[in-house]
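Single-letter residue listing:
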Amino acid sequence: MQDSTPYVVGIDVGGTKTHLRAFADGEDLVDRVRSSTGWRPHDSGAAADWLAALVAGALPPGVRPSALAVGGHACETPRQCAGIRTALQERLGVPALVVGDAELLVPAAGLDKGVGLVAGTGSVAVGRLPDGAPVQVGGWGAVLGDEGGAAGLVREAARAVWAAHDRGEEPDALATGLVAAFGVAEVPALGAALEAATDVSAEWGRRSPAVFAAAAAGSPLARAVIVQGGRALAGLVVRLAARGVPVDDVVVAGGTVLAQPSLYEAFTAALAEALPGARPHPLRVPPVEGALALARSLL
């Protein structure tokens, strides 16, 4: 029998892990983290089945949520998110909301409006126009974009190292760090190593500590790459502002930008220069808190 207690469920589906929380009677009753393996956001039916199974496995037997909100990795357009939402509501029979995972940041910070900026393996920024329409910039993947994310930093570091090699310069700490990280013998071999990646974002991104280590060791090339990455992240916010998104508050999350002070400082300095009125806020709570806030708004 359905418990009379209203269960509000929030889910943050990330690229690697998924975090579910269920809230009832003023406290978190369920808090689970699992792999995101099987998440297929471009197939609305499969995505809804995956989410419904996740909810059924997390809540007590016979209990269904009173409201559910999901922030989904790679849920990139309103049409795509709406398709998952419709399919999910059909399966659960309760109010639901599905948005991109970066849209969880602003409500997680307790704000009603602002920009959510993520710089983890990749990078993306989201916000909403005054009429509520969502806007996303960036997030184009490591091959062509994701500047300021871990994979994008490695790509730009390799470019900087190759340019130095072409100028006839001796390998510095960045060059030797990348050569070691990719397990190759010399700088020219980096190209083949990068191209051999089967999961570009993940395989490039996990080498990003080499960039920060080289900067700490005094490499001007690495420091320039980090500064450029910070400027690129600020540039995402500038693009949103140009499109009419309120950018007074910028909530920042992601395992790269928050774990690397040099990148965060480069970002905040560039943001202050480009948009003096924008206030950066590093997110100090799990993004799933934003999903819970959105779910409560459906009641």
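Values in this document were obtained by computation on a predicted structure and should not be read as measured data.

J.: Please clarify how the state of the cysteines should be interpreted in this entry.
T.: One pass over the full model with this rule turns up one disulfide. The residue that forms a disulfide with Cys 75 is Cys 81, at a sulfur-sulfur distance of 2.2 Å. A relative accessible area of 5% places Cys 75 in the buried class.

J.: Help me understand unusual backbone geometry, please; the structure alone is not making it clear to me.
T.: Most peptide bonds adopt trans geometry, and most residues besides glycine take a negative phi value. We note that Ala 74 has phi near 65°; this positive angle belongs to a residue other than glycine. Within the fold, Ala 74 resides in the loop between strand E4 (67-72) and helix H2 (78-92). Residue Asp 146 is not a glycine yet carries a positive backbone phi of 60°. On the secondary structure map, Asp 146 appears in the loop between strand E8 (134-138) and helix H4 (150-166). By relative accessible area, which is 7% here, Asp 146 ends up buried.

J.: Could you clarify how one ought to interpret the layout of surface pockets in this entry?
T.: Over the atoms, a rolled probe matching the size of one water molecule traces out where space is still vacant. When its volume is computed, the largest pocket comes out at roughly 1300 Å³. As for the largest pocket, its lining consists of 41 residues, of which Gly 14, Gly 15, His 73, Asp 101 and Val 118 are closest to the centre. Where the lining of the largest pocket is concerned, the elements lending two or more residues are strand E2 (17-24), strand E7 (123-128) and helix H7 (200-205). Here the lining of the largest pocket is composed, by residue class, of 16 nonpolar, 19 polar and six charged. Counted as a void, the second largest pocket has a volume near 420 Å³.

J.: What exactly am I supposed to notice about the nonpolar core here?
T.: The tendency in soluble globular proteins is for nonpolar side chains to be buried side by side. The biggest cluster of nonpolar side chains holds 51 residues, and the ones touching the most others in it are Leu 174, Leu 178, Val 250 and Phe 267. Per-element tally for this core: the top contributor is helix H9 (residues 220-242), with nine residues. Leave out the neighbours within four places in its chain, and Phe 267 touches Leu 117, Gly 230, Leu 233, Ala 234, Val 237, Val 250, Val 252 and Pro 280. In this structure, Val 13, Val 30, Ala 48 and Leu 88 belong to the second largest nonpolar core, which totals 30 residues.

J.: Would you take a moment to explain the packing of aromatic side chains for this structure?
T.: Any two aromatic rings considered together are summarised by their centre-to-centre distance and by the angle between their planes. For the coordinates displayed, the defined rule picks out two aromatic pairs. Considering the side-chain rings of Trp 39 and Trp 50, the 5.5 Å spacing of their centres and the 55° angle between planes classify their relative orientation as tilted. Taken together, the residues span a long stretch of sequence, with Trp 39 in the loop between strand E3 (27-35) and helix H1 (44-58) and Trp 50 in helix H1 at a distance of 11 residues. Just as Trp 39 is buried, Trp 50 falls in that class too. Ring centres 6.2 Å apart and planes at 55° place the aromatic pair Tyr 264 and Phe 267 in the tilted group. In this pair, Tyr 264 and Phe 267 both sit in helix H10 (residues 261-274), three residues apart, roughly one turn of the helix. The pair Tyr 264 / Phe 267 is uniform in exposure class, with both members buried. The cationic tip of Arg 207 hangs over the ring face of Phe 182; the distance from NZ or CZ to the ring centre is 4.4 Å. The ring of Phe 23 has Arg 296 lying over it, and the distance from NZ or CZ to the ring centre is 4.5 Å.

Criteria and cut-off values
- Residues numbered from 1 in each chain as written.
- Predicted model: local features only at pLDDT ≥ 70, side-chain atom pairs only at ≥ 80, totals over all residues.
- Heavy atoms only, no water.
- Disulfide = S-S within 2.5 Å.
- Buried < 20%, exposed > 50% of the residue type's maximum accessible area, 1.4 Å probe, protein only.
- Helix = DSSP H or I, 4+ residues; strand = E, 2+ residues; numbered from the N terminus.
- 1 Å grid on protein atoms, 1.4 Å probe; cavity = no way out; pocket = protein on both sides within 12 Å on 5 of 7 lines; lining within 4 Å.
- Points joined across faces, edges and corners; volume = space filled by probe spheres on them.
- Nonpolar A, V, L, I, M, F, W, Y, C, P; charged D, E, K, R; others polar.
- Core = buried A, V, L, I, M, F, W, Y, C linked by side-chain atoms within 4.5 Å.
- Contact = heavy atoms within 4.5 Å.
- Phe/Tyr/Trp six-rings, centres within 6.5 Å; stacked < 30°, edge-to-face > 60°.
- Lys NZ or Arg CZ within 6 Å of the ring centre and 35° of its normal.

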